[in-house]
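Below are the chains, spelled out letter by letter.
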Amino acid sequence: LQPRTPENAGLAGEAESRSRVLLFDDFDGKLALNWNPVRSDPSHVSLTRNPGKLTITTQRGSIHRGATQDEEGVDIRAKNLYLIDNPLEKGADFVMTTCVSGFTPATSYQQAGLLIYGDDDNYLKWGYEYNWPKEEGQAFCILTETNAVSDFHYIDESESGLNRYWLRLERTGDRYVYSSSTDGKTFRRHGEVSWNCDGPTRLGILAKNGGLKDVSELDAGFEFFELRSPAPTRKD
């Protein structure tokens, strides 16, 4: 499918204007891209509950450190990892951006954000979560996993209580800059992480609860998904 031109993708600045939109989906009543969800569960996805958004309702599910079943043998692998095949050649740089609204996580491991995915044991995710280390509030979190070994960091300067936020991942080689915005215009670069994945092969979004039982379900409204290449020139 040919990408539609974004009217309001939360991008601003001369550097961004020089990059090229490869794929764009504004979730306006239909899917514009060839999404191929991992462990699809249509009962927890809607394009009509919140018109103009792809609403993914969080549910029990984990991809953390090889978790597949709980102690009772129940499958706890995360559902509705919404992904597209990476259209770029192997090793190509890119920028991916989304906006999430109507989502303020209130329980441990509730989360929504961007996902770069090889498989359940090899991925990078950048999202907004309940701040379980502090047992209160919310925070942005960057996590990489390689061969089921994970490394994650909560962003100390995160603003708690957000109900709408923009997320961006910028790939340059094996380095990923992770940024956020509260207005879609000014993005704050929180840092960068090294993650060497063969590809990566699939890109997209996720909203889930983690592997705990009896966590309340919560809607996360994705307003758009955009992929650009090449990466904007950095301004340090």
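Here the structure is a predicted model, which is why all the values come from computation and not from measurement.

Peer 1: Is there a simple way to think about the packing of aromatic side chains in this case?
Peer 2: For any two aromatic rings, the description comes down to two numbers: the centre-to-centre distance and the angle of the planes. By the definition in use, this model includes 14 aromatic pairs. Ring geometry for Trp35 and Phe225: centres 5.3 Å apart, planes at 75°, overall edge-to-face. Separated by 190 residues along the polypeptide, Trp35 in the loop between strand 1 (20–25) and strand 2 (45–46) and Phe225 in strand 14 (residues 219–229) bring together distant segments of the chain. Residue Trp35 is classed as buried on the basis of its relative accessible area of 11%. A residue is classified by how much of its surface remains accessible, and Phe225, at 0% relative accessible area, is buried. Measuring from ring centre to ring centre gives 5.6 Å for Trp126 and Phe140, while their planes differ by 35°; the resulting arrangement is tilted. Placement of the pair is Trp126 in strand 7 (residues 122–130) and Phe140 in strand 8 (residues 138–146), with a sequence separation of 14 residues. Each member of the pair, Trp126 as well as Phe140, carries the same accessibility label: buried. Ring pairing ties together the aromatic residues Trp126, Tyr128, Phe140, Tyr165 and Tyr178, which thus form one cluster.

Peer 1: What exactly am I supposed to notice about the sheet that holds strand 7 here?
Peer 2: Consider a sheet: its strands pair through backbone hydrogen bonds, and that pairing is either parallel or antiparallel. Spatially, six strands are ordered 4-13-6-7-8-9 in an open sheet, and the strand pairing comes out antiparallel. Edge strands, defined here as strands with exactly one partner in the open sheet, are strand 4 (82–85) and strand 9 (149–154). Direction aside, neighbouring strands of the sheet carry axes that sit 15° apart on average. The sheet contact formed by strand 6 (residues 111–119) and strand 13 (residues 202–208) spans seven bridges and is antiparallel. Each residue of the ladder has a partner; that of Gly113, found in strand 13, is Leu206.

Peer 1: Help me understand the side chain of Thr55, please; the structure alone is not making it clear to me.
Peer 2: Mapped onto the elements, Thr55 comes out in strand 3 (residues 54–57). Residue classification places Thr55 among the buried positions, given a relative accessible area of 1%.

Peer 1: Help me understand the environment of Asn163, please; the structure alone is not making it clear to me.
Peer 2: Tracing the backbone through its elements, the reader meets Asn163 in the loop between strand 9 and strand 10 (164–172). The class of Asn163 is partly exposed, set by a relative accessible area of 43%. As for Asn163 and Phe103, which are separated by 60 residues in sequence, their C-alpha atoms are 5.4 Å apart. If we skip the residues at most four places from it in the chain, Asn163 touches Val100, Ser101, Gly102, Phe103 and Thr104. A distance of 3.4 Å separates the side chain of Asn163 from the side chain of Thr104, its partner in a polar contact.

Peer 1: Sorry if this is basic, but what is going on with the nonpolar core here?
Peer 2: Within the largest apolar cluster, 41 residues are counted, with the highest numbers of intra-cluster contacts made by Phe222 and Phe225. Sorting elements by how many residues they give to this core places strand 14 first, with four residues. Formed by 10 residues, the second largest nonpolar core is a distinct cluster that contains Val38, Leu81, Leu115 and Tyr123.

Peer 1: For this particular structure, what's the right way to read the side chain of Thr98?
Peer 2: Among the structural elements, Thr98 can be located in strand 5 (residues 94–101). On the basis of relative accessible area, Thr98 is assigned to the buried category, the value being 0%. Only 2.6 Å separates the side chain of Thr98 from the backbone oxygen of Phe224, close enough to count as a polar contact. With near-sequence residues (within four places) excluded, Thr98 lies in contact with Leu114, Tyr165, Trp166, Leu167, Ile205, Phe222, Phe224 and Phe225.

Peer 1: Looking at this structure, how should I read unusual backbone geometry?
Peer 2: Peptide bonds are, in most cases, trans, and in most cases residues other than glycine have a negative phi. Even without glycine at this site, Asn80 takes up a positive phi of about 55°. Within the secondary structure, Asn80 is located in the loop between strand 3 and strand 4. The phi angle at Ala148 is positive, at roughly 70°, despite the residue not being glycine. Tracing the chain through its elements places Ala148 in the loop between strand 8 and strand 9. Residue Ala148 is classed as partly exposed on the basis of its relative accessible area, which comes to 24%.

Peer 1: Looking at this model, I keep getting lost on the confidence of the model for the protein. Mind explaining?
Peer 2: Caution applies to low-pLDDT regions: their predicted coordinates should not be interpreted in detail. Residues of the protein with pLDDT of at least 70 account for 90%, and the chain-wide mean is 89. Scored below 50 in pLDDT, residues 1–15 makes 38 contacts in the model with residues more than four places away or belonging to other chains.

Definitions and limits used
Residues numbered from 1 in each chain as written. Predicted model: local features only at pLDDT ≥ 70, side-chain atom pairs only at ≥ 80, totals over all residues. Heavy atoms only, no water. Phe/Tyr/Trp six-rings, centres within 6.5 Å; stacked < 30°, edge-to-face > 60°. Helix = DSSP H or I, 4+ residues; strand = E, 2+ residues; numbered from the N terminus. Buried < 20%, exposed > 50% of the residue type's maximum accessible area, 1.4 Å probe, protein only. Pairing = 2+ DSSP bridges. Axes fitted to C-alpha atoms, helices over the stretch in contact; angles between N-to-C directions. Contact = heavy atoms within 4.5 Å. Polar contact = N/O pair within 3.5 Å; in protein donor to acceptor, adjacent residues only side chain to side chain. Core = buried A, V, L, I, M, F, W, Y, C linked by side-chain atoms within 4.5 Å. pLDDT = per-residue confidence, 0-100.

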